[in-house]
Amino acid sequence: MNFTEVELFGVYVAPISLMMAIAWLLLIAFRRVADHFTLLRHVWHPALFVFAAYIIILSSIVLVVAR
Amino acid sequence: MNGTKLRAPEQAQTYWPDTARLARGLRSAAPALLFGLRLWGAVCLALYISFWLELDNAYWAGASAAIVCQPSLGASLRKGWFRMVGTAIGAVAIVVLTACFPQDRIGFLLGLALWGAACGLLATLLRNFAAYSAALAGYTAAIIASDELGAVGGANGGAFMLAITRASEICIGIVCAGAVLAGTDFGGARRRLAVQLATLSAEITGRLAGTFSLVGPDLSEARSVRRDLVRRVIALDPVIEEAIGESSDLRSHSPELQATMGGLFAALSGWRSVAVHLEWLQSDLARRQADIVLENIPPKLRSVPAQGEATDWAVDPLSVRQAGALAVALTALPARTPSLRLLADQTAEALIGIRRALNGLLLLADPARAIRSSRAARFHVPDLLPLLVNSGRAFVTIVAVELFWIMTEWPSGATAITFAAVGVILFSPKADQAYTTTMSFMVGTGLTAAFAAIVKFAVLPDVTTFAGFSLAIGLVLVPAGALMAQPWQTAMFTAMTANFVPLLAPANQMSYDTQQFYNAALAIVAGVGAAALAFRLLPPLSPALRTRRLLALTLRDLRRLTTGPIARTANDWEGRVYSRLSALPEQAEPLQRAQLMAALLVGTEIIRLRRVAHRFDQDAELDAALDAVAKGDNSAATERLARLDKRLAALRHTGPGARVRLRARGSILAMSEALAQHAAYFDTVAAR
């Protein structure tokens, strides 16, 4: 397990904030792909779907780091 | 000779900036810059007084002053007043909540979420600054709760003193902002409202008179103008609020000013009926009847005035009002046919509406000569669904952030709850703009955190006096305030002015703890982010759906008018439709606005006809026609109305009630034409 605080310009920030930022960047890439193949048009609630995808990505990052 | 030499004189030429253009640019930027300076002055004064009084969290006074400041004086003063009311209600609510749930974390947190939901509902239900007051009552409770909550929820019992302190700090901020703004800005909302009212009244009157000169296809071209005027009348609402905020003498006349909008809607409805009827008539008959009515309209009201003349109406509304009063004599115009009766009556109703609008104009010009309105304004809810969606979203968001806080044991979770409540309640009334506004607000908050960090850790450690501190905060507040006064990304710059002081958290003994600052900034951004996410996942109703619902609800109410007890006046019905017209989204189609105006007319005529039919024992015939209206069977309704018209015509032409019967026949004609023109709308079955 490696959940130590990260130093950012002299300030120690919680590791989850960095993981959230990484998850967000991955989500942007995922959305680009989904938009390219018009996948979101087949989803009932696109915003909810994207949010769920974000939570899945973030949880996966946390699990990988925790291993 | 070579090319280099040839080009040399051109390169040596110096281009000086165009000084006239520069001066013009500076002149146009001056009001915004002045506003930035005023905002900064108000924040400095509020902080100075709070430091002098040695209050606990002096920065709340500075934050309040920044939040209250608005680029227009009327808006600021009105906002300040409503902010005080909202703060007091929120403070009382949290004290009561704490007393109801001592040592009960779940009860307290659920109560807080329910209070937030109730305030979200009221913020959508009410309009303008009253809506702001309701929103403030919600998040004032959250602000005080965040101070009194322990590490993972549960009140600590100091609610009463915290409520008193926080309310005092907020009130100091409001008073300081009011004093600085009122002392340096003399306002222009009253004059702006007078000019807008005069322009609209003059334009509607002139175009109504102009309708009598048009025959044939030209009449249908005026439709788009009329529908645009409906939109412009709706836009008067916030200007009225600002004018009331600016002038204390107008506050007691608030119903009269609100009635001006009703007057203008009535004028537009009358004009619509006249135009539709002239369209239906054969051109030679239309010409003859139009000339008769036009002769009875005073010359002063007959033409669309130029901009300068319209402003004259604002200066001397009494003379125009007297001319309007003369035109009301149209109701007594001897008319032999229902068609002429309709034209005369609808023109008179339009001019009575204009006269009501001019009462408001008279009030603005000279309150001593103001004419008291006899109509009591009744409050109507246009549509319940958007209110329920907004309050449900506020409840779910606050509960979700509370759960997140409890589960993660995040030390700054209480601050996140506060800012989630602020975002989700404050931006709910923005409807389809709520998400983008909240996102802009979040970006603004993030930028503010960076600026606050620079000022706090790089500038303030070397500052020892209040003057130096004021100059340091001015580096951010003056430009942010100036940028807030322009139309681009207003929400982002509003976030910068509103959140800068709480992020900086100035105190008599400053603390330069980077970890604490980071936690506070993260909590604020996360709270606003949670609100933005809530708007994404539980989106407000789309403008198209809201418009469809408003039309369907109006049709349902219209059909209810056909049964039940006969209303004594049409005031209640008119108020209901005016509230729906005001609630129509900006994106509504002009045709949809016209359909609401047609429903207004049909409803008013139904109320009138039911009274008249009862008087002349024609209830059965009218009921048959109204039954067809209720069933959405337009052709049957028109046929039965024609039968009623024949029966009324068969009664004696002289004697008591002859004029009333003729007027009723005019009503039947107006109603039939409206039903035929908007058959697709009135035939809708789903709204029954």
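Residues numbered from 1 in each chain as written. Chains lettered and ligands numbered in written order. Predicted model: local features only at pLDDT ≥ 70, side-chain atom pairs only at ≥ 80, totals over all residues.

1. Things to note about the overall build of chain A
Each helix and strand in chain A was counted, giving 2 helices and 2 strands. The C-alpha atoms of chain A give a radius of gyration of 15 Å, which is well past the 11 Å a tight globule of 67 residues would have. The dimensions of chain A, computed from C-alpha atoms along their principal axes, are 45 × 25 × 15 Å. Within chain A, contacts between residues separated by at least 24 positions form 52% of all contacts whose residues are at least 6 apart in sequence. (Helix = DSSP H or I, 4+ residues; strand = E, 2+ residues; numbered from the N terminus. Rg over C-alpha atoms; globule rule 2.2 N^0.38 Å. Contact = placed C-beta atoms within 7 Å.)

2. Brief notes about the interface of chain A and chain B
Contacts between chain A and chain B engage 8 residues on the former and 7 residues on the latter. Secondary-structure elements contributing two or more residues to the side of chain A that touches chain B are β2 (11-13) and α2 (46-66) of chain A. A class-by-class count of the residues in the side of chain A that touches chain B yields 6 nonpolar, 2 polar and no charged. (Nonpolar A, V, L, I, M, F, W, Y, C, P; charged D, E, K, R; others polar.)

3. Digging into the environment of Ala23(B)
Its place among the elements puts Ala23(B) in helix α2 (residues 19-52). For the pair formed by Ala23(B) and Gln322(B), sequence separation is 299 residues and the distance between their alpha carbons is 46 Å.

4. As for the nonpolar core
Residue and element names in this part refer to chain B. Formed by 117 residues in total, the largest nonpolar core has its most connected members in Ala42, Val43, Ala65, Leu112, Ala135, Ala420 and Ile425. When residues in this core are grouped by element, the largest group, 14 residues, is from helix α22 (residues 514-537). Contacts of Ala135, omitting those with residues within four sequence positions, involve Cys119, Ala123, Ile425 and Leu426. Within the second largest apolar cluster, 98 residues are counted, among which are Leu250, Ala286, Met597 and Leu641. (Core = buried A, V, L, I, M, F, W, Y, C linked by C-beta atoms within 7 Å. Buried ≥ 20, exposed ≤ 12 C-beta atoms within 10 Å, placed from the backbone.)

5. As for the confidence of the model for chain B
Regions with low pLDDT carry predicted coordinates that are not meant to be interpreted in detail. All names here are of chain B. Overall, the predicted model of chain B reaches an average pLDDT of 83, with 89% of residues at or above 70. Across chain B, the secondary-structure element scoring lowest on mean pLDDT is helix α1 (residues 3-12), at 45, and the one scoring highest is helix α23 (residues 543-561), at 94. In this model, residues 1-12 is a region of pLDDT below 50 whose contacts with residues beyond four sequence positions or in other chains number 1 contact. If you check the scores for this complex, the pTM reads 0.80 and the ipTM reads 0.75. (pLDDT = per-residue confidence, 0-100.)

6. Section: the packing of helix α25 (residues 590-615) of chain B against helix α26 (residues 619-630) of chain B
Packed helices, taken two at a time, are described by the angle their axes make and the gap between the axes. All names here are of chain B. Between α25 and α26, whose axes approach to 8 Å, the crossing angle comes to 155 degrees. Judged on the interaxial angle alone, α26 and α25 are roughly antiparallel. Side by side, α25 and α26 meet where Ile606, Leu609, Arg610, Ala613 and His614 of the first sit next to Asp619, Leu622 and Leu626 of the second. Of the residues contributing to the contact of α25 with α26, the split by class is 5 nonpolar, 1 polar and 2 charged. (Axes fitted to C-alpha atoms, helices over the stretch in contact; angles between N-to-C directions. Parallel < 35°, antiparallel > 145°, perpendicular 65-115°, else oblique.)

7. Here's the deal with the environment of Arg287(B)
With respect to the secondary-structure elements, Arg287(B) resides in helix α13 (residues 283-295). Expressed as a C-alpha distance, the spacing of Arg287(B) and Leu214(B), which sit 73 residues apart in the sequence, is 8.4 Å.

8. Comments concerning helix α3 (residues 59-68) of chain B
Judged by how many residues are buried, α3(B) sits mostly within the fold: 10 of 10 residues are covered. For α3(B), the complete set of buried residues consists of Tyr59(B), Trp60(B), Ala61(B), Gly62(B), Ala63(B), Ser64(B), Ala65(B), Ala66(B), Ile67(B) and Val68(B).

9. Observations regarding the environment of Thr514(B)
You can see Thr514(B) is positioned in helix α22. Residue Thr514(B) is classed as partly exposed on the basis of its C-beta count, with 14 C-beta atoms lying within 10 Å. Placed 58 residues apart in sequence, Thr514(B) and Lys456(B) show a C-alpha to C-alpha distance of 9.5 Å. Leave out the neighbours within four places in its chain, and Thr514(B) touches Gly10(A), Val11(A) and Phe457(B).

10. A few points about the packing of helix α16 (residues 338-365) of chain B against helix α28 (residues 658-677) of chain B
Residues and elements named next belong to chain B. Relative to each other, α16 and α28 sit at 85 degrees, their axes nearing to 8 Å. The angle between the axes of α16 and α28 places the two elements in the roughly perpendicular class. Residues Pro338, Ser339, Arg341, Leu342, Asp345 and Gln346 of α16 form the contact with α28, whose own contacting residues are Leu662, Arg663, Arg665, Gly666, Leu669 and Ala670.

11. Here's the deal with unusual backbone geometry
Residue and element names in this part refer to chain B. Phi angles above zero are rare outside glycine, and Ala431 is one such case at about 55 degrees. Tracing the backbone through its elements, the reader meets Ala431 in the loop between α18 (413-426) and α19 (434-459). Located in the positive-phi region is Ala505, a residue other than glycine, with phi close to 45 degrees. Here Ala505 lies in the loop between α21 (490-504) and α22. With 19 C-beta atoms packed within 10 Å, Ala505 lands in the partly exposed category.

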